[in-house]
Amino acid sequence: MKKTFKLSLMTSNARSPLFLMFLCGVAHAADLYNADFSVAGIGATHDSGADILETSPINGGNWSMSWIDAPATDGSTNRFITEDGLLVSEDWGGEASFETDDISVTGETTIKIEALGATRGTATFNSAAEGFTWYYLLDGVRTDAATITNDGSLDYSVEIDASGASTLVVGFTFNVNGAGDGFEISSVQVNDGVPTPEISLALDPPSISENGGASTVTVTLSAPPAGDLVLDLAVDDLSEASVPTTATISGGALSTTFQITGQNDADSDGPQVVNLTVSDPGGLYADRSQTFVVTDDEAFNPPNVILNEIRINTNSTFTGDGEYFELRSSQPNASLDRVFLVAIGDGTAAQGSGVVEEIIDLTGQTMNGNFFVASDPEQNFVLTQDLSVALNFEDDNVTFLLVSDFAAVLGDDLDADDDGTLDLEPWGSLLDAVSLVSSEAPTGTDELVYAGTLDPAEPVVGPDSTFIPAHIYRSGENPAIWLIGTFFADGIDVADTPGADNSGGDPPVSDDLEVVSFAVDANAGTGVLTVNGLGAKIWVLQSSGDLNQVDSWVNVVGGFAESDNPDGSTNLTFSDSFGTTIKRFYRLIEQL
């Protein structure tokens, strides 16, 4: 019989809850106008069938649309219409325009116009006649912005002098033709350009227990009120926390304080995110909202579950992009209530690393025996699909976490200073973690990973050549080791075993051998492995370039020389041609 010992170690541990605090709302100018696209179906459609073009103009809630050139009929539907809170157009095929209702600017000086939009399609403007132009009319006098003829942003922002004027109209004209080509406008706003004094909030602490916990809230104004200012206070879940109904800041003062108090219940519901709103009923100060966390005092023991296999990409010959993840548990059919799979990667250029890219809430799911597999709905090779869910695993540096009671949301930046250590850990217990990298030493604020900083024993896997690993899985022989699968260049990789044991069988048991140190002199071609517990057994030293994926384990030529140390440990000295750019793995085989 043989026992195998590999030079690696992984442990996991639960963590004390750390929770996330969010700030929402900023100082803003008073709005004079907001386009209302909330009612779907306002607008025009037309095709070569029975869909007859509506009569121009068409009026929305506070805007209108019209056209000079009616779209030509063809086999696809010409659209200029509201849907999902947007004003959209596709394949219109004629010149049309949008205008706001009259906006009163009497008595105003500087006016700011802001609009957000984007093109749809590829090579959206595909002829010389096509384009998109914003404009405004100030007391009937029209001023055009530059015409846009490139794919991408249609955002528009301009400040104008409205002194002495009474009426403003904002609009755009466009001519876009081609199936799938068009645009979407999400907002059109006009404000007076004068910042509204703001309210800021600071919570100490930002997380409280439901059982008698309390937080002191400091309310600070950016400018003092002339007289006493009574602010309205509210939370969105009175079963979790309570606040006074009002707080008063004295005239000439800038701040005051009040308390949030946790409300106890009998539900084992984990940390609850509650929203606090502080508002000025007179509208002189911009409202401020902020979330805080109320922790549970009912006992919760998360299940013994770990990450076992993850695929983030495959080639285009497969349906979908091949994404799935597999969990493994020593507890058959364990409940996954309050367990979350979270991916942390890069966000916007301003955010850098540490941004929440994916959250899969597994509440209500149970392990299928000892395994659980979640994959994209269109997945075509998963052997067992316990949960069909749209996944968004980006194929760049990423950290996967398995946690309980996750309290953040998509897009939250958990490492605001991009120093490689999460500033916030918004979960109850860390069950497992693994990071994938495309370089051995990730650099740049948008390339950081976090498994090793959360726990030094949590692994960082990769690179796969110079790429991010497309597929990783725990060794069936030693689950402490993560192995790299293939990219599916020629077909289904036999290493993909979602819903089943990974290759290699069960991990060996070896409780009498301890690694003290391992050092290599690559230039001299020598290595020294120091261990405790060799005893009188016979051992063989083997090496592999890739943990037996392609490069098989082979005996190290010449074996090793033993020398005892005063502390009872033993040095195993051996020779090998390490090179300077390759990886090499070593193991001891106990031969009985």
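Small disclaimer: the values here were computed from a predicted structure and weren't measured.

Tallying secondary structure elements over the chain gives one helix and 43 strands in all. Across the 592 residues in the chain, those meeting the buried criterion constitute 47%. Partitioning the contacts of the chain with sequence separation of at least 6, the portion at a separation of at least 24 is 70%.

Attention now moves to the sheet that holds strand E33 (residues 430-436). Reading across the sheet, the five strands line up as E29-E28-E32-E33-E34 and stay open at both edges, with mixed pairing between neighbours. On the outer flanks of this sheet lie strand E29 (355-361) and strand E34 (460-461), each paired with one strand and no other. As paired strands, E33 and E34 are joined by two bridges and run parallel to one another. Residue pairing for E34: Leu-436 is matched across the bridge by Val-461.

Locating Thr-122 in the fold gives a position in the loop between strand E11 (110-120) and strand E12 (131-138). Since its relative accessible area comes to 69%, Thr-122 is described here as exposed. Setting aside residues up to four positions removed in sequence, Thr-122 forms contacts with Asp-151 and Asp-181.

Right, let's talk about the pattern of salt bridges for a bit. Enumeration according to the criterion identifies 11 salt bridges in this entry. Here Arg-120 and Glu-90 are joined by a salt bridge, their closest N and O atoms 3.1 Å apart. Of this pair, Arg-120 sits in strand E11 while Glu-90 sits in strand E8 (residues 86-90), placing them 30 residues apart in sequence. Between Asp-144 and Arg-142 there is a salt bridge, and its shortest N-O distance comes to 2.6 Å. The exposure class assigned to Asp-144 is partly exposed, which follows from its relative accessible area of 44%. Note on Arg-142: relative accessible area 41%, which makes it partly exposed. Overlapping salt bridges, with partners in common, bring together Arg-79, Glu-83, Glu-90, Arg-120 and Glu-184 in one network.

Our focus in this paragraph is the sheet that holds strand E19 (residues 214-221). One open sheet holds the four strands; their spatial order is E17-E19-E23-E21, and the pairing between them is antiparallel. Looking at which strands have only one partner, the edges of the open sheet turn out to be strand E17 (199-204) and strand E21 (241-242). Sheet analysis places E19 next to strand E23 (residues 255-262), joined by seven bridges and oriented antiparallel. Residue pairing for E23: Ala-214 is matched across the bridge by Thr-261.

Of all hydrophobic cores here, the largest spans 39 residues; its most connected members are Phe-80, Phe-132, Leu-168, Phe-172, Ile-185 and Val-188. Contributions of two or more residues to this core are made by strand E6 (63-67), strand E9 (96-100), E11, E12, strand E14 (156-161), strand E15 (167-175) and strand E16 (182-195). Ignoring sequence-local partners within four residues, the contact set of Ile-185 consists of Phe-37, Leu-86, Leu-87, Leu-116, Gly-117, Phe-132, Trp-134, Leu-154 and Phe-172.

Moving on to unusual backbone geometry. The omega angle of the peptide bond from Ser-56 to Pro-57 is -5°, so this bond is cis rather than trans. At the junction of Gly-462 and Pro-463, the peptide bond is cis and its omega measures out at 5° in the coordinates. Assignment of secondary structure puts Pro-463 in the loop between E34 and strand E35 (471-474). Its identity as a non-glycine residue notwithstanding, Ala-123 has a phi of 55°, on the positive side. With respect to the element layout, Ala-123 can be found in the loop between E11 and E12. By relative accessible area, Ala-123 is classed as partly exposed at 44%. Although it is not a glycine, Arg-338 adopts a positive phi angle of roughly 70°. If you trace the backbone, Arg-338 turns up in the loop between strand E27 (324-329) and strand E28 (339-345).

Counted by the stated rule, this structure contains 20 aromatic pairs. When the centroid spacing of 5.8 Å and the interplanar angle of 70° are considered together, the rings of Phe-80 and Trp-92 count as edge-to-face. Residue Phe-80 is located in strand E7 (residues 78-83), and its partner Trp-92 is located in the loop between E8 and E9; the two are separated by 12 residues in the primary sequence. A residue is classified by how much of its surface remains accessible, and Trp-92, at 0% relative accessible area, is buried. Taking 5.6 Å as the distance between ring centres and 85° as the angle between the ring planes, the aromatic pair formed by Phe-172 and Phe-183 counts as edge-to-face. Here Phe-172, found in strand E15, pairs with Phe-183, found in strand E16; they are 11 residues apart in sequence, far enough to count as distant. The pair formed by Phe-172 and Phe-183 is uniform in burial state, with each residue classed as buried. Here a set of aromatic residues connected by ring pairs shows up, and it is made of Phe-37, Trp-63, Trp-67, Phe-80, Trp-92, Phe-98, Phe-132, Trp-134, Tyr-156, Phe-172, Phe-174 and Phe-183.

We now examine the environment of Ala-129. Here Ala-129 lies in the loop between E11 and E12. The exposure class assigned to Ala-129 is exposed, which follows from its relative accessible area of 61%. Note: C-alpha distance between Ala-129 and Gly-94 (35 residues apart in sequence) is 9.7 Å.

Turning next to the confidence of the model for the chain. Detailed reading of the predicted model is not advised wherever pLDDT is low. Scored by pLDDT, the chain comes out at a mean of 83, with 86% of its residues at no less than 70. Predicted confidence for residues 1-28 stays below pLDDT 50, and this span has 104 contacts to residues more than four positions away or in other chains. Between residues 489-493, whose pLDDT stays under 50, and residues either more than four places distant or in other chains, the model counts nine contacts.

Take Thr-124: it is sitting in the loop between E11 and E12. Classification of Thr-124 by relative accessible area gives buried; the value is 0%. Within polar-contact distance, the side chain of Thr-124 engages the backbone oxygen of Arg-120 at 3.0 Å. For Thr-124, the residues in contact, after removing those within four places along its chain, are Thr-119, Glu-130, Asp-151, Val-176, Asn-177, Asp-181 and Gly-182.

Right, let's talk about the pairing of E29 for a bit. The buried fraction of E29 amounts to five of the seven residues, a majority that puts the element mostly inside the structure. Sheet topology note: the E28/E29 ladder contains six bridges and is antiparallel. Bridge pairing in E29 links Phe-340 to Asp-361.

Across a regular strand the side chains alternate sides, sitting on one face of the sheet and then on the other. Counting buried positions along strand E25 (residues 288-295) gives eight out of eight residues, so the element sits mostly inside the fold. By the alternation rule, side chains of E25 split into Arg-288, Gln-290, Phe-292 and Val-294 and Ser-289, Thr-291, Val-293 and Thr-295, which are all buried. Two elements, strand E18 (residues 207-209) and E25, share three bridges in a ladder whose sense is parallel. Bridging from a neighbouring strand, Ser-207 pairs with Val-293 of E25. With seven bridges connecting them, strand E24 (residues 272-279) and E25 associate as antiparallel partners.

What counts and how
- Residues numbered from 1 in each chain as written.
- Predicted model: local features only at pLDDT ≥ 70, side-chain atom pairs only at ≥ 80, totals over all residues.
- Heavy atoms only, no water.
- Helix = DSSP H or I, 4+ residues; strand = E, 2+ residues; numbered from the N terminus.
- Buried < 20%, exposed > 50% of the residue type's maximum accessible area, 1.4 Å probe, protein only.
- Contact = heavy atoms within 4.5 Å.
- Pairing = 2+ DSSP bridges.
- Salt bridge = Lys/Arg side-chain N within 4 Å of Asp/Glu carboxyl O.
- Core = buried A, V, L, I, M, F, W, Y, C linked by side-chain atoms within 4.5 Å.
- Phe/Tyr/Trp six-rings, centres within 6.5 Å; stacked < 30°, edge-to-face > 60°.
- pLDDT = per-residue confidence, 0-100.
- Polar contact = N/O pair within 3.5 Å; in protein donor to acceptor, adjacent residues only side chain to side chain.

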